[in-house]
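Chain by chain, the residues run as shown.
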Amino acid sequence: MSPPLDIRGFRFFPGFLDRPAQEALVNVLRDLLRNAPLYQPVTPRGQKMSVRMSAAGRFGWVTDRRGYRYEPRHPGGMDWPPIPEEVLAIWRAVSGATREPECCLINWYGEGARMGLHQDKDEADFSCPVVSVSLGDEGLFRMGNAERGGKTESIWLKSGDVVVMGGDARLKHHGIDRIRFGSSTLLPQGGRINLTLRVVT
Ligand code: MD6
Ligand code: FE
């Protein structure tokens, strides 16, 4: 494993997953999403998000009119499926954390989907990083500061790339400005999948 590229404390592992590993992971996720289907979340202010979402693990991150929070069940009422072993292996290889992730949030970006600049701050223990895995179409990842505003820098995340957001970067703003729909052949229908692994409690 080559040393990560550090941008503002965000650590990038470009091409961490080779093509066969990406394909294997997509197959695992396809099965998982049959039991915990993607749904379109609504923000507390009532706006539909452009990404579709699901999760695995003891908790899933959800948003609806009642707010942002972690829930032990899918909005459809079923338990979240366990985090796949293939995904836990990525966490163990890059996170440097002693704790195991309790949530694997699954975001699916179709054409035109984006994710506004935000902080990941609904977790209890900010000493644990967030680890993100990108699959499918390229996404333009923007990184800012712990405070609102100021300069930002962007990097295109490609299929198989892994990002670790820990230490100084743990509470920095970040988001996805746009995706290059159809830029990858991994997902036959196009689109981008992003997994984010978190310790919640
Ligand atoms: C995305 N990712 O890449 C959105 N959060 O689609 C995130 O919001 C994110 O990539 C925390 C850490 C890494 C991330
Ligand atoms: Fe995030």
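Refer to the preceding data block for the structure.
Residues numbered from 1 in each chain as written. Chains lettered and ligands numbered in written order. Predicted model: local features only at pLDDT ≥ 70, side-chain atom pairs only at ≥ 80, totals over all residues. Heavy atoms only, no water.

**Examining the sheet that holds strand β8 (residues 130-136)**
Spatial strand order, β1-β2-β11-β8-β13-β6-β3: seven strands in an open sheet with antiparallel pairing. Edge positions in the sheet fall to β1 (5-7) and β3 (52-57), since each of these pairs with one other strand and no more. If you compare each strand with its neighbour and ignore which way they point, the axes differ by 20° on average. Bridging between β3 and strand β6 (residues 103-109) involves six bridges; their strand directions are antiparallel. Its bridge partner being in β6, Ala56 is matched across the sheet by Cys104. (Pairing = 2+ DSSP bridges. Helix = DSSP H or I, 4+ residues; strand = E, 2+ residues; numbered from the N terminus. Axes fitted to C-alpha atoms, helices over the stretch in contact; angles between N-to-C directions.)

**Some thoughts on the environment of Thr196**
Within the fold, Thr196 resides in strand β13 (residues 192-198). Along the primary structure Thr196 and Val130 are separated by 66 residues, whereas in three dimensions their C-alpha atoms are 6.5 Å apart. In this structure the side chain of Thr196 is engaged in a polar contact, spanning 2.9 Å, whose partner is the side chain of Arg198. (Polar contact = N/O pair within 3.5 Å; in protein donor to acceptor, adjacent residues only side chain to side chain.)

**Overview of the site of ligand 1**
In the region of ligand 1, the neighbouring residues are Tyr109, His118, Asp120, Val130, Ser132, Phe141, Met165, His174, Ile176, Arg192, Asn194 and Thr196. Here a nitrogen atom of ligand 1 sits 3.2 Å away from a polar atom, N or O, in the side chain of Asp120. Within the side chain of Arg192, one N or O atom sits 2.7 Å away from an oxygen atom of ligand 1. In the complex, 99% of the free accessible area of ligand 1, which totals 340 Å², lies under the protein chains. In a pocket analysis with a 2 Å cut-off to the grid points, ligand 1 is assigned to the largest pocket. Of all the elements in the fold, those that place two or more residues in the shell around ligand 1 are β8, β12 (174-180) and β13. The dominant element in the shell around ligand 1, judged by the number of residues it contributes, is β13, at three residues. Tallied by class, the residues present in the shell around ligand 1 amount to five nonpolar, five polar and two charged. (Near = heavy atom within 4 Å. Areas by Shrake-Rupley, 256 points an atom, 1.4 Å probe, with all protein chains shown as cover. 1 Å grid on protein atoms, 1.4 Å probe; cavity = no way out; pocket = protein on both sides within 12 Å on 5 of 7 lines; lining within 4 Å. Sits in = over half its atoms within 2 Å of the grid points. Nonpolar A, V, L, I, M, F, W, Y, C, P; charged D, E, K, R; others polar.)

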